[in-house]
Amino acid sequence: GGPSYKVAVLSQPSNPTQSCSVTGGNGASSVDVTTVVVTCSNINEWTWVGGPQGEDQIGTYGTKGTGDSNNLPGARYWGVSWADASGNFWHFGGYGYDSLGTVADLNDLWEGSYNSTGQWTWTWMGGSEVAGVGGTYGALGTADPANMPGARDSAVSWTDASGNFWLFGGHG
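An account of the accompanying structure is given in this report. (Residues numbered from 1 in each chain as written. Predicted model: local features only at pLDDT ≥ 70, side-chain atom pairs only at ≥ 80, totals over all residues. Heavy atoms only, no water.)

**Focus: the packing of aromatic side chains**
Here a ring pair, both rings aromatic, is described through the centre-centre distance and the interplanar angle of the planes.
Then, number 1: As enumerated under the stated definition, the model contains twelve aromatic pairs in all.
Then, number 2: With centroids separated by 6.4 Å and ring planes inclined at 50 degrees, the aromatic side chains of Trp78 and Tyr95 adopt a geometry described as tilted. Of this pair, Trp78 sits in the loop between strand E5 (76–77) and strand E6 (80–83) while Tyr95 sits in strand E7 (residues 89–97), placing them 17 residues apart in sequence.
Then, number 3: Site record: aromatic cluster; members linked through ring pairs are Tyr61, Phe89, Trp110, Tyr114, Trp120, Trp122 and Trp124. (Phe/Tyr/Trp six-rings, centres within 6.5 Å; stacked < 30°, edge-to-face > 60°. Helix = DSSP H or I, 4+ residues; strand = E, 2+ residues; numbered from the N terminus.)

Structure representation (structure tokens):
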């Protein structure tokens, strides 16, 4: 035993706004307590990691499969996105701007990640840099590098326990 103790955050920091919690903050001990941890995290804050500040940006695609700090998906909405097991960000399709400034459904596939120097980099991985392209589906149940879903927005997506990406439906 020993006397009891209780550690709590009486007021949350406000500049910047943070949310703090206590781990190991209560118990009884007859020796110095060294296991109390107070953890604070910023809330309601965003970090701009790259890209232009303007609205309605067209896509800059670069070379398929090659990451470049100049690559940039065009502005869009209603696409699908997910993170892989390595923490890389992926995005497919949506309704937005292609490489020519045309606004329509897209079927481009992008990977976003930090490069070796810590800079955010986009890599165009598949699909078309031009909006409105139809799909190539191949044989039912047979994977093929030439297969690519058609341009769409408002699809549903998920990843399974093996990290496979699944895409269902959508408009386009």
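**Here's the deal with the environment of Asp84**
Then, number 1: Note that Asp84 resides in the loop between E6 and E7.
Then, number 2: Residue classification places Asp84 among the partly exposed positions, given a relative accessible area of 26%.
Then, number 3: As a C-alpha pair, Asp84 and Phe165 span 81 residues in sequence and 9.0 Å in three-dimensional space.
Then, number 4: Within the structure, Asp84 has its side chain in polar contact with the backbone nitrogen of Ser86 (distance 2.9 Å). (Buried < 20%, exposed > 50% of the residue type's maximum accessible area, 1.4 Å probe, protein only. Polar contact = N/O pair within 3.5 Å; in protein donor to acceptor, adjacent residues only side chain to side chain.)

**Considering the pairing of strand E8 (residues 103–114)**
Then, number 1: Buried residues dominate E8, accounting for ten of its twelve residues.
Then, number 2: Pairing analysis gives eight bridges linking E7 to E8, with the strands arranged antiparallel. Bridge pairing links Gly94 to Leu106 in E8.
Then, number 3: Between the antiparallel neighbours E7 and E8 lie five residues, among them Gly101 with a positive phi of about 90 degrees.
Then, number 4: The pairing of E8 with strand E9 (residues 120–126) spans six bridges and is classified as antiparallel. Note that in E9 the partner of Leu109 across the bridge is Gly126. (Pairing = 2+ DSSP bridges.)

**Details of unusual backbone geometry**
In terms of backbone geometry, most residues other than glycine have negative phi values and most peptide bonds are trans.
Then, number 1: Within the chain, Asp56 stands out as a residue other than glycine whose phi angle is a positive 55 degrees.
Then, number 2: Topologically, Asp56 is positioned in the loop between strand E4 (37–42) and E5.
Then, number 3: Unlike most non-glycine residues, Ser154 shows phi in positive territory, near 60 degrees.
Then, number 4: With respect to the element layout, Ser154 can be found in the loop between E9 and strand E10 (156–159).
Then, number 5: For Ser154, a relative accessible area of 40% corresponds to the partly exposed category.

**Side note on the pattern of salt bridges**
Then, number 1: Within this structure, the stated rule accounts for one salt bridge.
Then, number 2: The salt bridge partner of Asp108 is Arg76, with a shortest N-O separation of 2.7 Å. Residue Asp108 is located in strand E8, and its partner Arg76 is located in strand E5; the two are separated by 32 residues in the primary sequence. Pair check on accessibility: Asp108 and Arg76 agree, each one buried. (Salt bridge = Lys/Arg side-chain N within 4 Å of Asp/Glu carboxyl O.)

**A few points about the side chain of Asp153**
Then, number 1: Here Asp153 is to be found in the loop between E9 and E10.
Then, number 2: An unpaired buried charge is present at Asp153: no salt bridge exists, and Arg152, the closest side chain of opposite charge, is 9.1 Å distant.
Then, number 3: A polar atom in the side chain of Asp153 sits 2.7 Å from the side chain of Ser154.
Then, number 4: For Asp153, the contacting residues outside a window of four places in its chain are Trp78, Gly94, Tyr95, Asp105, Gly170 and His171. (Lys, Arg positive; Asp, Glu negative; His and termini not counted. Contact = heavy atoms within 4.5 Å.)

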